[in-house]
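Observations on chain architecture
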Amino acid sequence: MSSGIAIRTLDLTKRFGTLLALDSVELNIVEGEIFGYLGPNGAGKSTTLRLLVGLLRPTAGSARVFGLDPWSSAPAVHRLIGYVPGELALYDRLTSRQHITFFGHLRGRPDDKAATVIADRLDLDLDRPVRTMSKGNRQKLALVLALMSSPQLLILDEPTGGLDPLVQHEFHAMMREHTAAGGTVLLSSHILSEVQQVADRVGVLREGRLIAVESLHELRQKSLHHVTAEFAAPIQESDFRELAGIRDLTINGATLTCSAPQSALDALIRRISQFRIVDFACAEADLDETFMAFYEIGARNAA
Ligand SMILES: Nc1ncnc2c1ncn2[C@@H]1O[C@H](COP(=O)(O)OP(=O)(O)OP(=O)(O)O)[C@@H](O)[C@H]1O
C-alpha cells in the first residue's frame, strides 16, 4: 500500500443559503484504502463527494484530490477519478454500450474491452436502452462507467442501492481488487453492514460534522449485543450498574437484560457468572442499532 494521500480536506464547509450542510470537515484518505463514509440521510455525504469531484465550490476550507483543487482543476481531477453520483444522469434513449462509447470519447480513450469485462461480472446486458432498464441495472451501468477507465480513485455515492446481494458481493470483490492494485475508494453509505464488509477505515458524518474516524477493528468493538440472563434468585441492579459500557440495564426480579458493546462483554459475562445462572442469551444487535448507539456516543464525545 502506498502512503500517498489521495484526498485531503481542511475545514471543508458548505452552506446552502442558511443551511450548514457541511461543517469544517477534515478528511485524510490514504492511497490504497477503502474509506467508508457513513451517515444517515441528509448528513452531508453527497455534498462532500460533490465538493471532491468539483461539482460544488466550498463556502470555506479546502479540498485536495491528489494535491489538486477539484474546483479550479476539475478536468485534471476528472481524469484521475471514477464517480458514481447519488442521482444518476443517464441518457434514456441510449443503450449501455452506447453510453460506454460516448464516455470513452469524452475521456479521449475507448474503454470498451474493460467495460465489457466489468459488465459481464455484474451481469449487465449492454444492449438495452436505459429507459427499459430496471433501477438496479441502471446502477450497474453507472458502476461500469465509473470503473471502465481504471481510475486511481473511485468516489462512490451509495453505489450498491438496488443491487441484489450476489451482485453487491461481486462489486465488493472489484473494489478490493482495485485497492490491491494501488487504487483508492471513497464509498458513502448509510448502511453500516455494507461498509463493514469492505472498508479499511470508516468516517461517521452527522449533521454535517465528521464525528469519528475509526478502523474497522475499532468499529467492531462497538458492535452492540443484547444480553439476557435469568438467575436462580433475584439480583440487585447495583451489582451491574457500574460496569463500563452497559446500556439499557433492566433488572426484573431474577432476570437481567441489557445491551453492551463487544468491548464490554468480557467484564459483563464475568460479573453474571458470579451468580447462579438458569438461562443465558447473547445476540448481536441489528447493525443499524449499533450505528445509532455509536452515533449517540459520538455526539456526546463531540459535544
Ligand atoms: N443543492 C442544494 N441546495 C440546498 N440544499 C441542499 C442542496 N444539496 C443538499 N442540500 C441539503 O444539504 C444537506 C445535506 O445533504 P446531502 O445530500 O449531502 O446528504 P446525504 O448525507 O448525502 O443524504 P442522503 O443519504 O439522503 O443522500 C441536506 O439537508 C440537504 O437537504
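Residues numbered from 1 in each chain as written. Predicted model: local features only at pLDDT ≥ 70, side-chain atom pairs only at ≥ 80, totals over all residues. Heavy atoms only, no water.

Considerations on the confidence of the model for the protein
In the predicted model, the protein carries a mean pLDDT of 90, and 94% of its residues have values of at least 70. Here residues 297–303 is modelled with pLDDT under 50, and outside its nearest four sequence neighbours on either side it reaches six contacts, counting other chains as well. On the interface metric, ipTM, the complex scores 0.96, and its pTM is 0.82. (pLDDT = per-residue confidence, 0-100. Contact = heavy atoms within 4.5 Å.)

What about the pattern of salt bridges?
Two side chains bearing opposite charge may form a pair once their charged atoms approach each other closely. Tallying each qualifying case throughout the model produces ten salt bridges. Among the salt bridges present, the one from Glu33 reaches Arg201, with a minimum N-O distance of 2.7 Å. Of this pair, Glu33 sits in the loop between β2 (19–30) and β3 (34–38) while Arg201 sits in strand β8 (residues 201–206), placing them 168 residues apart in sequence. Note on Glu33: relative accessible area 4%, which makes it buried. The salt bridge partner of Asp127 is Arg97, with a shortest N-O separation of 2.8 Å. With a gap of 30 residues between them, Asp127 in the loop between α4 (112–122) and α5 (135–147) and Arg97 in helix α3 (residues 96–107) connect regions that are remote in the sequence. Among the residues examined, Asp127 registers a relative accessible area of 48% and is labelled partly exposed. Residue Arg97 is classed as partly exposed on the basis of its relative accessible area, which comes to 37%. Via salt bridges that share partners, Arg121, Glu170 and Glu177 belong to a single interconnected network. (Salt bridge = Lys/Arg side-chain N within 4 Å of Asp/Glu carboxyl O. Helix = DSSP H or I, 4+ residues; strand = E, 2+ residues; numbered from the N terminus. Buried < 20%, exposed > 50% of the residue type's maximum accessible area, 1.4 Å probe, protein only.)

Side note on the nonpolar core
Of all hydrophobic cores here, the largest spans 39 residues; its most connected members are Leu122, Val144, Leu156, Met175 and Val202. The element contributing the most residues to this core is α5, with seven residues. When residues no more than four places from it in sequence are discounted, the contact partners of Met175 are Ile34, Leu156, Val185, Leu187 and Val198. Residues Ala6, Ala43, Leu49 and Val53 belong to the second largest nonpolar core, which totals 24 residues. (Core = buried A, V, L, I, M, F, W, Y, C linked by side-chain atoms within 4.5 Å.)

Points about the environment of Ile277
Among the secondary structure elements, Ile277 is positioned in strand β13 (residues 277–284). For the pair Ile277 and Ala119, spaced 158 residues apart in sequence, the C-alpha separation works out to 56 Å. When sequence neighbours within four positions are dropped, the list of residues in contact with Ile277 reads Glu230, Phe231 and Ile272.

Observations concerning a negative patch on the surface
Taken together, Asp120, Asp123, Asp125 and Asp164 make up a surface patch of like negative charges. Checked against the element boundaries, Asp123 lands in the loop between α4 and α5. (Patch = residues over 30% accessible without salt bridge, like charges linked within 9 Å, V, L, I, M, F, W, Y side chains within 5 Å. Areas by Shrake-Rupley, 256 points an atom, 1.4 Å probe, with all protein chains shown as cover. Lys, Arg positive; Asp, Glu negative; His and termini not counted. Charge placed at Lys NZ, Arg CZ, Asp CG, Glu CD.)

Structural notes on the state of the cysteines
All told, the structure shown has zero disulfides when counted by the stated rule. Left unpaired, Cys258 is separated from the closest cysteine sulfur, that of Cys282, by 8.7 Å. Looking at Cys282, the relative accessible area reads 35%, which means it is partly exposed. (Disulfide = S-S within 2.5 Å.)

Considering the packing of α4 against helix α6 (residues 165–180)
Where α4 contacts α6, the axes come no closer than 9 Å and their chain directions differ by 140 degrees. On the basis of their axis angle, the class for α4 and α6 is oblique. Across the interface between the two elements, Ile118, Arg121 and Leu122 of α4 pack against Val167, Glu170, Phe171, Ala173, Met174 and Glu177 of α6. Of the residues that constitute the contact of α4 with α6, the class distribution is six nonpolar, no polar and three charged. (Axes fitted to C-alpha atoms, helices over the stretch in contact; angles between N-to-C directions. Parallel < 35°, antiparallel > 145°, perpendicular 65-115°, else oblique. Nonpolar A, V, L, I, M, F, W, Y, C, P; charged D, E, K, R; others polar.)

Comments concerning the pairing of strand β7 (residues 184–189)
A large share of β7 lies buried, amounting to six of its six residues. The side-chain alternation of β7 yields two buried faces, one formed by Thr184, Leu186 and Ser188 and the other by Val185, Leu187 and Ser189. Strand direction decides the pairing type here: β3 and β7, joined by five bridges, are parallel. Residue pairing for β7: Phe35 is matched across the bridge by Leu186. (Pairing = 2+ DSSP bridges.)

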